[in-house]
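# An overview of the molecular structure
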Amino acid sequence: MRAVVLGLIGAFVLSGAVMAGEYLMNNLGRTARGLYVTFDSPVVITSYGDDLMNISPAGEATEFTFSGGEVDRYGGQWLNWEPADVRLVSYWWSSNTIVPTTATGPQPGDFESAQTALRVVSDETRMFRKSAEDYEEGRGYEQAIDEDAWYGSSDLAKLLRDNEYAVDAITASPITGLALLDDDGRRPAVLMILEPTHERTYTESEISAIRLFVSTGGGLFLASSTWRADEASAGSADAIARAFDVSFRYSGKLHDATDHHSDNLHVVRVSNWGEHPIARDVRGIYYQGTYLDETGGATVVGESDDDAWFDRYRAGDAGDDVKQADEEAGPLPLFAVLEYG
Ligand SMILES: [Ca+2]
Ligand SMILES: [Ca+2]
């Protein structure tokens, strides 16, 4: 295959005086059915082939989609364009059948990057600011990847970086497919949404963008602590989860009287792990939050003990650390993995 690629590049060089060309390899890891390319100035695609037979639009443009066929894993699509000095800036493959609509045009978020790096983007569009005494200008936000106070996520970011991941944050809403791209037009491997705040809920268009990101090959790491009856909007994570037929239990917090940290019955040590690769070598995690109410098509990979329970928030309190008869008992699902799209 490599020889074929080199041969094609050679052909492009020979014809480079009047037109430019590129061979784009499908490195999605599976069969592709659509390709989106974008240039820094308008071009005419003078020739292309052979696997994706349809091009849209037909004339001069800066963005094109190819469809109407299949490209095997590690196969590719070649294309030539003119003028030759225009640069192809980015491209995405899709495993889904692409039906370009002339009304709105293809959206880059509809496509998977051919260049997905080991990059994790943390959602910091809705950071919760700690109280005044905890706050320093430019800092003091819960779960911020640069925050090294106890409520920050700098330890998690460091762990990811130590394992070769690049970690950065999206800070401006709305979340869109384009907003997740880096400066080179590459999509991240994973979008991380850790405990959305009490502030603004996620809009329908953002949730659609997140679902599209996942259905076209992106990863989503979604976590929720908990939320109270009088803080309904803090259930933002739940609205995202429901887009994948999963939900977080409302208004309460997991407790375990026999496995917890220090005196905190609600900081539960979780030791029951399934066989999934994501749980491999995991022995214990301290966990604070609600549980997964509906798990839909997801595979539960971590659950509580039998003697854990869901301590419900009652009117005016945040639970009483005592199990009442009507409170759900373990085992309760806490971690789940869903293949989607
Ligand atoms: Ca226990
Ligand atoms: Ca209780």
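See above for the structure.
Here is what the cut-offs are and how they apply
Residues numbered from 1 in each chain as written. Chains lettered and ligands numbered in written order. Predicted model: local features only at pLDDT ≥ 70, side-chain atom pairs only at ≥ 80, totals over all residues. Pairing = 2+ DSSP bridges. Helix = DSSP H or I, 4+ residues; strand = E, 2+ residues; numbered from the N terminus. Buried ≥ 20, exposed ≤ 12 C-beta atoms within 10 Å, placed from the backbone. Core = buried A, V, L, I, M, F, W, Y, C linked by C-beta atoms within 7 Å. Contact = placed C-beta atoms within 7 Å.

## Points about the sheet that holds strand S17 (residues 285-287)
With antiparallel pairing, the three strands of this open sheet are ordered in space as S14-S15-S17. Strand pairing shows two members of the sheet lacking a second neighbour, strand S14 (260-261) and S17, which therefore form its edges. Sheet topology places strand S15 (residues 264-270) next to S17; three bridges connect them, and they run antiparallel. Its bridge partner lying in S17, Arg 269 is registered against Tyr 286.

## Section: the environment of Asp 85
Mapped onto the secondary structure, Asp 85 falls in the loop between strand S5 (76-82) and strand S6 (88-94). For Asp 85, a count of 9 C-beta atoms within 10 Å gives the class exposed. Separated by 44 residues in sequence, Asp 85 and Ser 41 have C-alpha atoms that sit 9.3 Å apart.

## Quick notes on the pairing of strand S19 (residues 299-303)
Of the pairings in the sheet, the one linking strand S16 (residues 272-273) to S19 comprises two bridges and is antiparallel in character. When the bridges of S19 are listed, Asn 272 appears paired with Glu 303. Judged from the four bridges that link them, S19 and strand S21 (residues 333-337) form a sheet pairing that is antiparallel. Paired with Val 300 across the two strands is Ala 336, which belongs to S21.

## Regarding the sheet that holds S19
In space, the three strands of this open sheet follow the order S16-S19-S21, with antiparallel pairing throughout. In this open sheet, the two edge strands, each paired with only one partner strand, are S16 and S21.

## Focus on the nonpolar core
Within the largest apolar cluster, 39 residues are counted, with the highest numbers of intra-cluster contacts made by Leu 191, Ile 210, Ile 240, Ala 241, Leu 254 and Leu 334. When contributions to this core are tallied by element, the ones reaching two or more residues are strand S8 (119-123), helix H2 (154-162), strand S10 (190-194), helix H3 (204-215), helix H4 (236-242), S15, strand S20 (308-312) and S21. With four residues, H3 is the single largest residue contributor to this core. What Ile 210 contacts, discounting residues up to four positions off in sequence, is Ile 175, Leu 191, Leu 220 and Ile 240. Formed by 17 residues, the second largest nonpolar core is a distinct cluster that contains Val 37, Val 43, Leu 79 and Trp 93.

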